[in-house]
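Breakdown of the fold
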Amino acid sequence: ELGGGACVSGKFAARSRDQPYSGVREALAQLVDAALTTSEEGLARVRWALERALGGRAGPIVELVPGAAALLGARAAEPVGITGVTPAAARDRTHRALLGFVRAFAGPRSPLVLELEDLQWADAASLELLTALLGDAETQGLLVVGSYRDGEVGPEHPLRRALAAIAGSGCTITELRVEPLDV
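Residues numbered from 1 in each chain as written. Predicted model: local features only at pLDDT ≥ 70, side-chain atom pairs only at ≥ 80, totals over all residues. Heavy atoms only, no water.

1. Things to note about the pairing of strand S2 (residues 112-117)
Put simply, the rule reads: Using a 1.4 Å probe on the protein chains alone, a residue whose accessible area is under 20% of its type maximum counts as buried, one over 50% counts as exposed, and one in between counts as partly exposed. Helix and strand assignments come from DSSP, with helices taken as H or I runs of at least 4 residues and strands as E runs of at least 2, each series counted from the N terminus. Two strands pair under a simple rule: DSSP has to find at least two bridges between them. Viewed with both strands pointing away, a crossover whose connecting path from the first strand over the helix to the second turns clockwise is right-handed.
By the alternation rule, side chains of S2 split into Leu112, Leu114 and Leu116, which are all buried, and Val113, Glu115 and Glu117, of which none is buried. Of the strand pairs in this sheet, strand S1 (residues 6-11) and S2 are connected by six bridges, and their pairing is parallel. Pairing of Ser9 across the sheet is with Glu115, part of S2. Of the crossover connections in this fold, the one passing from S2 over helix H6 (residues 124-134) to the parallel strand S3 (residues 142-146) is right-handed.

2. Examining the packing of helix H1 (residues 22-36) against helix H5 (residues 87-105)
Heads up, the condition is: For helices, the axis comes from a line fit to the C-alpha atoms of the stretch in contact; other axes are also lines fit to C-alpha atoms, and the angle between any two N-to-C directions lies between 0 and 180 degrees. An angle below 35 degrees is read as roughly parallel, one above 145 as roughly antiparallel, one from 65 to 115 as roughly perpendicular, and any other as oblique. Each crossing gets its handedness from the near helix: less than a right angle anticlockwise from the far helix is left-handed, clockwise is right-handed. Residue contacts are counted whenever heavy atoms from the two residues lie within 4.5 Å of one another. Three classes are used, and their members are as follows: Ala, Val, Leu, Ile, Met, Phe, Trp, Tyr, Cys and Pro are nonpolar, Asp, Glu, Lys and Arg are charged, and the others, Gly among them, are polar.
Between H1 and H5, the shortest axis-to-axis distance is 12 Å and the interhelical angle comes to 45 degrees. As judged from the angle between their axes, H1 and H5 are oblique. Taken as a pair, H1 and H5 cross one another with a handedness that is left-handed. Of H5, the residues touching H1 (which contributes Leu28, Leu31, Val32 and Ala35) are Leu98, Phe101 and Phe105. Class assignment of the residues belonging to the contact of H1 with H5 gives a composition of seven nonpolar, no polar and no charged.

3. Brief notes about the sheet that holds S3
One open sheet holds the three strands; their spatial order is S1-S2-S3, and the pairing between them is parallel. Looking at the sheet topology across the chains shown, the edges are occupied by S1 and S3. Across the sheet, the mean angle separating the axes of adjacent strands is 15 degrees when strand polarity is ignored. As defined by bridge partners, S2 adjoins S3 across five bridges and the pair is classed as parallel. Within the sheet, the bridge partner assigned to Leu116 lies in S3 and is Gly146.

The structure is reproduced here in structure tokens:
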């Protein structure tokens, strides 16, 4: 855990819709960079928490955030092992690894704020990850702040379905509508 918590952000872009986890990847890279700049004691705590949270599932993390290899050490060298695995199983493995990764950084004594911008352009895998992450009872000390352009998110938009699923899991969602500013 990073002492005192952390705030990281990522942004989805229309041109990156075909790149799974692009906004999440950006935020996690900031988290890795912050962890690598902590004291030796802090770095040891982060590594211990990651070892506990990830076990043998470090491969997908390094695949998504190559800089995590320096943080994960020997675990980063482990093969991902996805030969012959269905796409759904590979996505599930990635989501479990990402859930563990976030849990290692987010806790009651070390909260994590994950800000994600332009969710209207988020890919399906990222929306599924957010649904799993926010519906996970084991994850504590996490605040996700998401923004999207309301005019681009109709009733059948994948983001609306994800928000409904998140709310259905018991997670509290607070929506703040930002109107145009006066002169």
